[in-house]
Amino acid sequence: MPQLATRMGNAKPSAIMAVAEKAKKLKSEGRDIVSFSIGVPNFLPGEHVYAAAREALAKDSGQYGSNRGADALLDAFLKHIEALGFTGYTRMNCATGIGAKHILYNLAEALLDPGDTIAYAVPFWTTYADIAEVLGAKILELPCPSSQDYKLTPAQLDAALATKPKVFLFNNPNNPTGMVYTRDEIAALADVIAKHPDTWVITDDIYNTMVFDGIGYHNFVMLRPELRDRVIFVDSISKTYGMPGWRAGFIAGPEVVAKALTVLNSTHITNLPEVVTAAAVAALAGPQDVPTAKRAEFQARRDLVVATMNAIPGVVCPKPQGAFYVFPDISCAFGKSHKGVKIANDVDFCNVLLEAKGVACVPGSAFGEPRSLRISYTCPEAQLPVGLERIREFFAELA
């Protein structure tokens, strides 16, 4: 029998989906499960999005579209990022893809040769490592533990960029931690990046409108405009608009990068479907009441989760200011037992928690930080306090 390509030996299924599938199986067996595992917004977009989709279906041309993205979609995206603070970009600086994950994969193909190095902070979104390994890139991890609020320091970045990695990938607001960099923190990192001209910078900032406490969203280009020749901003409709299944992602960056992704689209996907394009235009350019309301709701949920976790003796839980995740350090439980079942690490903790209390969380080791776990608090509202109380009880029962 012929063999698969060697690169498939580096490909791994999603650790997050593995937890979700286990929780789903237990639920199908009749267990009462509260899932804090998958990072989905769990709300739907406004009616104007569905109206635009229905109209697009009624007028469907059945034809191929633009490899770069329809003009209407590019214009809506440009208006969206201008409101964020990105100015001076045109359609030629943009490209679209089947969600941000597809955009990131295309960027890796466009920027990284086998053996090139990509650097990013830890904890990191699992897909970063998965893509790098499939493409044969080297990974430079920059550890950012809970003691520094899971944030990268200028000194760490300076030391990393001095080694001249081909790509520095930055995630703000962050998944899995929910941490958001302040304007001053972004400015300090931008000053470092300006000293090292040999590295591409990708800012995976798909939670850019899901920011709490009035601290705002900031990007390197806003503080150092001269960096726009090297910085590629990644966005998506998935999280902000409750549209993860619609699959529309975007970049704004140097023309040469946008052109490269357009060429790759011509090989990979040809174009986004008309109905998805119409829905994405409506989401970006239409009323913003749904994401605005959800931002306020998620901030309140964040407060409840952080207060609960920090009230548990031994747990360290930095306060996130964006996205919809909390990432507590639960290593105080290691070496203890729950009703005779030993907990040696984060994977054990999550497995025992799921079996004993019916609460599904993703172990931090999936994100490169084995002392922690990720809580996604976008579950149905009534389930949130129930799940948190079960976690509190679980800790109280450890011996």
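Residues numbered from 1 in each chain as written. Predicted model: local features only at pLDDT ≥ 70, side-chain atom pairs only at ≥ 80, totals over all residues. Heavy atoms only, no water.

### Overview of the pairing of strand E4 (residues 138-143)
Bridging between strand E3 (residues 117-122) and E4 involves 6 bridges; their strand directions are parallel. Following the sheet pairing, valine 122 is matched in E4 by proline 143. In this region the chain leaves E3, passes through helix H5 (residues 126-134) and returns to the parallel neighbour E4; the handedness of that crossover is right-handed. (Pairing = 2+ DSSP bridges. Helix = DSSP H or I, 4+ residues; strand = E, 2+ residues; numbered from the N terminus. Right-handed = clockwise from strand over helix to strand, strands pointing away.)

### Some remarks on the environment of glutamine 63
Here glutamine 63 is to be found in the loop between helix H2 (47-58) and helix H3 (71-84). Separated by 211 residues in the primary sequence, glutamine 63 and glutamate 274 have C-alpha atoms spaced 8.9 Å apart.

### Looking at the pattern of salt bridges
Evaluated as defined, the whole model comprises 21 salt bridges. Salt-bridge contacts for glutamate 29 lead to lysine 25; the nearest nitrogen and oxygen are separated by 2.6 Å. Linking aspartate 32 and arginine 390 is a salt bridge whose minimum nitrogen-to-oxygen distance equals 2.5 Å. Linking aspartate 32 in the loop between helix H1 (15-28) and strand E1 (34-35) with arginine 390 in helix H13 (residues 383-396), this pair joins segments that are 358 residues apart in sequence. By relative accessible area, which is 14% here, arginine 390 ends up buried. A single salt-bridge network, built from bridges that share partners, covers Asp71, Asp75 and Arg91. (Salt bridge = Lys/Arg side-chain N within 4 Å of Asp/Glu carboxyl O. Buried < 20%, exposed > 50% of the residue type's maximum accessible area, 1.4 Å probe, protein only.)

### Topic: the packing of aromatic side chains
Summed over the entire model, instances satisfying the criterion amount to 23 aromatic pairs. An angle of 15° between the planes, with centres 4.7 Å apart, marks the rings of phenylalanine 77 and phenylalanine 250 as stacked. In this pair, phenylalanine 77 is assigned in helix H3 and phenylalanine 250 in strand E8 (residues 249-252), connecting sequence segments 173 residues apart. The exposure class of phenylalanine 250 is buried, given its relative accessible area of 1%. For the pair tyrosine 120 and tyrosine 128, a centre-to-centre distance of 5.8 Å together with 55° between the ring planes defines the contact as tilted. Among the residues examined, tyrosine 120 registers a relative accessible area of 0% and is labelled buried. Through a chain of ring-to-ring contacts, three or more aromatic side chains come together here, namely Phe43, Tyr207, Phe298, Phe324, Tyr325 and Tyr377. A cation over a ring is seen here: lysine 151 above tyrosine 181, with NZ or CZ 5.6 Å from the ring centre. When the ring centre of tyrosine 89 is taken as reference, the NZ or CZ atom of arginine 228 above it lies at 4.2 Å. (Phe/Tyr/Trp six-rings, centres within 6.5 Å; stacked < 30°, edge-to-face > 60°. Lys NZ or Arg CZ within 6 Å of the ring centre and 35° of its normal.)

### A look at the sheet that holds strand E14 (residues 373-376)
Two strands in a sheet stick together by hydrogen bonds in their backbones, pointing the same way (parallel) or opposite ways (antiparallel). The antiparallel open sheet is built from 3 strands, whose spatial order is E9-E14-E13. The open sheet is flanked by strand E9 (325-326) and strand E13 (362-363), the only strands paired with a single partner. In terms of strand pairing, E9 meets E14 through 2 bridges, oriented antiparallel. Pairing of valine 326 across the sheet is with isoleucine 375, part of E14.

### Description of the packing of H2 against helix H10 (residues 274-285)
Their axes nearest at 8 Å, the elements H2 and H10 cross at an angle of 150°. Here H2 lies roughly antiparallel to H10, going by the angle between them. Relative to H10, H2 is oriented so that their crossing is right-handed. When H2 is examined against H10, the residues His48, Val49, Ala52, Ala53, Ala56 and Leu57 are found in contact with a partner set consisting of Glu274, Val275, Ala278, Ala279, Ala282 and Ala283. The residue inventory of the contact of H2 with H10, partitioned by class, reads 10 nonpolar, 1 polar and 1 charged. (Axes fitted to C-alpha atoms, helices over the stretch in contact; angles between N-to-C directions. Parallel < 35°, antiparallel > 145°, perpendicular 65-115°, else oblique. Left-handed = near helix turned anticlockwise from the far one by under 90°. Contact = heavy atoms within 4.5 Å. Nonpolar A, V, L, I, M, F, W, Y, C, P; charged D, E, K, R; others polar.)

### Examining the nonpolar core
If you look at the biggest cluster of nonpolar residues, it comprises 73 residues, and the most contacted ones within it are Phe36, Ile251, Ile391 and Phe395. The dominant element in this core, judged by the number of residues it contributes, is helix H4 (residues 99-111), at 6 residues. Setting aside residues no more than four positions away along its own chain, isoleucine 391 makes contact with Phe36, Met309, Ile312, Leu353, Val359, Cys361 and Ile375. (Core = buried A, V, L, I, M, F, W, Y, C linked by side-chain atoms within 4.5 Å.)

### Let's talk about H13
The terminal C-alpha atoms of H13, which comprises 14 residues, lie 20 Å apart, in line with the 20 Å expected from a rise of 1.5 Å per residue. Listed as buried for H13 are Leu384, Gly387, Leu388, Arg390, Ile391, Phe394 and Phe395. For H13, the angular spread of buried residues about the axis comes to 155°, placing them on one side. On its buried face, H13 is in contact with E1, helix H11 (289-310), strand E10 (337-338), helix H12 (346-357), strand E12 (359-360) and E14. (Expected span 1.5 Å × (residues − 1). Arc of directions from axis to C-beta.)

### So, H12
When the terminal C-alpha atoms of H12 are compared, their 16 Å separation across 12 residues agrees well with the 16 Å that a helix rising 1.5 Å per residue should span. The complete set of buried residues in H12 reads Asp346, Phe349, Cys350, Val352, Leu353, Leu354 and Lys357. Where H12 begins, one side-chain oxygen reaches toward the backbone nitrogen of valine 347, 3.1 Å away; that side chain belongs to asparagine 345. Looking one or two residues beyond H12, the residue adopting positive phi is glycine 358, at roughly 70°. (Polar contact = N/O pair within 3.5 Å; in protein donor to acceptor, adjacent residues only side chain to side chain.)

### Focus on unusual backbone geometry
Cis geometry marks the peptide bond from valine 122 to proline 123; its omega dihedral reads 15°. Structurally, proline 123 can be placed in the loop between E3 and H5. Look at aspartate 149: it is not a glycine, yet its phi comes out positive at around 55°. Positionally, aspartate 149 belongs in the loop between E4 and helix H6 (154-161). At lysine 164, a residue that is not glycine, the phi angle is positive and equals roughly 60°. When its relative accessible area of 56% is taken as the criterion, lysine 164 is described as exposed.

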